[in-house]
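Here are the chains, one letter per residue:
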2 protein chains.
Amino acid sequence: MGIWTGRDDKGGRDSAPTVADVGEHRLIDLITRPLASSPEVILGPGDDAAVLVSPPGWLLLTTDMLVEGVHFQAGYGTPVQLGYKALAVNVSDIAAMGGTPWAAVISVALPGSTPAEFVESLYLGLDRAARQFGVSLVGGDTVASPGSLVINVALAGKAAPGTVVTRRGARPGDLVFVTGSMGAAAAGLFVLQNPGSWPREAAGSVVRRFLEPVPHLEAGKLFASFGVGALDDNSDGLAREMHEICRASGVGCLIEPERLPVDAAVREIAAAAGRPWWEWALHGGEDYGLVVCVAPAAAESLVDACRSANIALTRVGLITVREEGLWTAWADGRTVPLLPGGFEHFLPDGGSHGR
Amino acid sequence: MGIWTGRDDKGGRDSAPTVADVGEHRLIDLITRPLASSPEVILGPGDDAAVLVSPPGWLLLTTDMLVEGVHFQAGYGTPVQLGYKALAVNVSDIAAMGGTPWAAVISVALPGSTPAEFVESLYLGLDRAARQFGVSLVGGDTVASPGSLVINVALAGKAAPGTVVTRRGARPGDLVFVTGSMGAAAAGLFVLQNPGSWPREAAGSVVRRFLEPVPHLEAGKLFASFGVGALDDNSDGLAREMHEICRASGVGCLIEPERLPVDAAVREIAAAAGRPWWEWALHGGEDYGLVVCVAPAAAESLVDACRSANIALTRVGLITVREEGLWTAWADGRTVPLLPGGFEHFLPDGGSHGR
């Protein structure tokens, strides 16, 4: 049925119990025992709704759906990694607001042939991410799927009133920074999609970046406390994120691709693949670092604060007026329009339709 | 691609734009303009996460995933009805806790061939339910699906501290009541699955009950204010709900199927189908009325309060000690074990596996 088969893919599956064998209600028993919780959780999984002590201040809500064959592929990783990533990408959305992730509900649509062990491993990964990022797993829904495996996470977060950062506040003259390094997730996906004799250590490194993305939660909170202008996470590629920010803020931008922070492993894979090293960083996405726009007067203290907090921060461009549009500027003096060109569902070639 | 084709199913589809034609980002523009909101919503759809003023007291969280081919079928209704139902079933979960629905995020996985108009209609239905039940639609995710259409709703609700009712508080001697009438949704599904010359008015009535279920929100709040013992919504059939309540509360029960409140339309379809009239009421599900267990001393005032509030309340059985097990009692003196027998995913015959 096109399902991940987990770590043990060598056979012996015939006798392993599937979700159809154990049934929905026993499956729910199986997966709701050991989940991450907190004293704020009055009632966890198993009833019609979870009950929590409402947090003071502001509440954030986000949701992301991962579909097999679109967001992940059979055999690209373990079910533990899949569960981890499903929650991590939602945590990244909360990080991109400067908030604190808090409580999640999980829905999973499973083909009947899915091994019960797969589902346990999936929840192990969800639980691992939940504990790492301080999220309580408070409930969910487990349903049958006639086709693909689908995982939906809805995550609530907390924030002090007035401290969240949207995409709307970029102003002409702001400097554009990114956190962490870029392009590794896209390079990892490329390696998975093109099996071959890639440099082994580099390939392992970028594949892990694709399968186990780490949201930049502490950086998001730091940026919110600084009152930066605009903040976004790099889920769809820097090019597309800049289009989102510029559109929401009514501004233009100038990005210098050769300034993008790219790990040696990405450069190594790019060289072996005969591709320009900056391409995955600019258009790849799924890195889940943050993109932040900040006024020049505040930039120096922000850079200092990031250095103190051990957060890698790199200046990659400038916000301009809307009429300027969106451009890339290159070391040799060329300027080239910045096409969105990130990952877009439904459109195989996201870069060609223009906006 | 096995997608609902909307109200216009007579052709002319070739030229209608699909979601693949318009692309994800324009689609999001299309569907996030007119959504239900409230002054508590600081930031609605379009950013990484929605931002709301956190409600005082307790917060409820629930989620339900609807999968085409499992929870709904092409041609069984309009996309407006599908959107309405996707939110209504979540509202019912909040009603079953005695809470007030508040804010929702929606994820939809769409085959690329889905008409863009279908998606607009789906959101129209979601929005209609949101306005009816006082829910703000604050965000979501729209992704591609290689197979079925999938809709996930995650709904947050509010409750005053200490007022929610779980499934855990049923005590031996409690009376079991249900709200509204039962079996209509299952009768409606039966009519849809078995096209034929059913009594026209009755068939229209039960089909609408299946396609547009109305959660019993006011009844839930009333029950919570009375401090009833246990509360559940009838999503999977009374038999299965009683198993859930008895399991969570550590009790048994005795249900009198011939007392179940069943509309004339259901009896009419049942007679035409040659089935016992109580069957859909006992095992059918999707009615989204409430099942409530209350101590005899409090029952009379509850009945009075429901009469004043125009809430139809019917006594259908009794809570017993766990050792008694779960039974049905019939007018002719027979007692028969109450098998769960509701709708269970993965297991085609949910009634045969015993628990």
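Residues numbered from 1 in each chain as written. Chains lettered and ligands numbered in written order. Predicted model: local features only at pLDDT ≥ 70, side-chain atom pairs only at ≥ 80, totals over all residues.

Asks: I'd love a proper account of the interface of chain A and chain B, names of residues and values included.
Replies: Taken together, the contacts link 64 residues of chain A with 64 residues of chain B. Class assignment for the residues of the side of chain A that touches chain B results in 34 nonpolar, 20 polar and ten charged. (Contact = placed C-beta atoms within 7 Å. Nonpolar A, V, L, I, M, F, W, Y, C, P; charged D, E, K, R; others polar.)

Asks: Summarise the nonpolar core; cite the residues concerned and give the values.
Replies: A:Ala104 and B:Ala104 are the most contacted members of the largest nonpolar core, which totals 242 residues. Beyond its immediate sequence surroundings of up to four residues, B:Ala104 is in contact with B:Leu87, B:Asn90, B:Ala130, B:Val135, B:Leu137, B:Val138, B:Val153, B:Ala154 and B:Leu155. (Core = buried A, V, L, I, M, F, W, Y, C linked by C-beta atoms within 7 Å. Buried ≥ 20, exposed ≤ 12 C-beta atoms within 10 Å, placed from the backbone.)

Asks: Explain the packing of helix H5 (residues 184–193) of chain B against helix H9 (residues 264–273) of chain B to me, using residue names and the numbers behind them.
Replies: Residue and element names in this part refer to chain B. Interaxial distance between H5 and H9 falls to 10 Å at its minimum, and their mutual angle equals 40°. As the angle between them shows, H5 and H9 are arranged oblique. Between H5 and H9 lies a crossing whose hand is left-handed. Mapping the contact onto sequence places Ala184, Ala187, Phe190 and Val191 in H5 and Ala265, Val266, Ile269, Ala270 and Ala273 in H9. Residues that form the contact of H5 with H9 fall into these classes: nine nonpolar, no polar and no charged. (Axes fitted to C-alpha atoms, helices over the stretch in contact; angles between N-to-C directions. Helix = DSSP H or I, 4+ residues; strand = E, 2+ residues; numbered from the N terminus. Parallel < 35°, antiparallel > 145°, perpendicular 65-115°, else oblique. Left-handed = near helix turned anticlockwise from the far one by under 90°.)

Asks: Give me the domain arrangement of chain A: which residues, what numbers.
Replies: Residues and elements named next belong to chain A. As far as domains go, chain A holds domain 1 (19–159) and domain 2 (175–337). Computed from C-alpha atoms alone, the centre-to-centre distance between domain 1 and domain 2 is 27 Å. Facing the 14 residues of domain 1 at the interface are 18 residues of domain 2. Class assignment for the residues of the side of domain 1 that touches domain 2 results in eight nonpolar, four polar and two charged. (Domains from an automatic or database assignment.)

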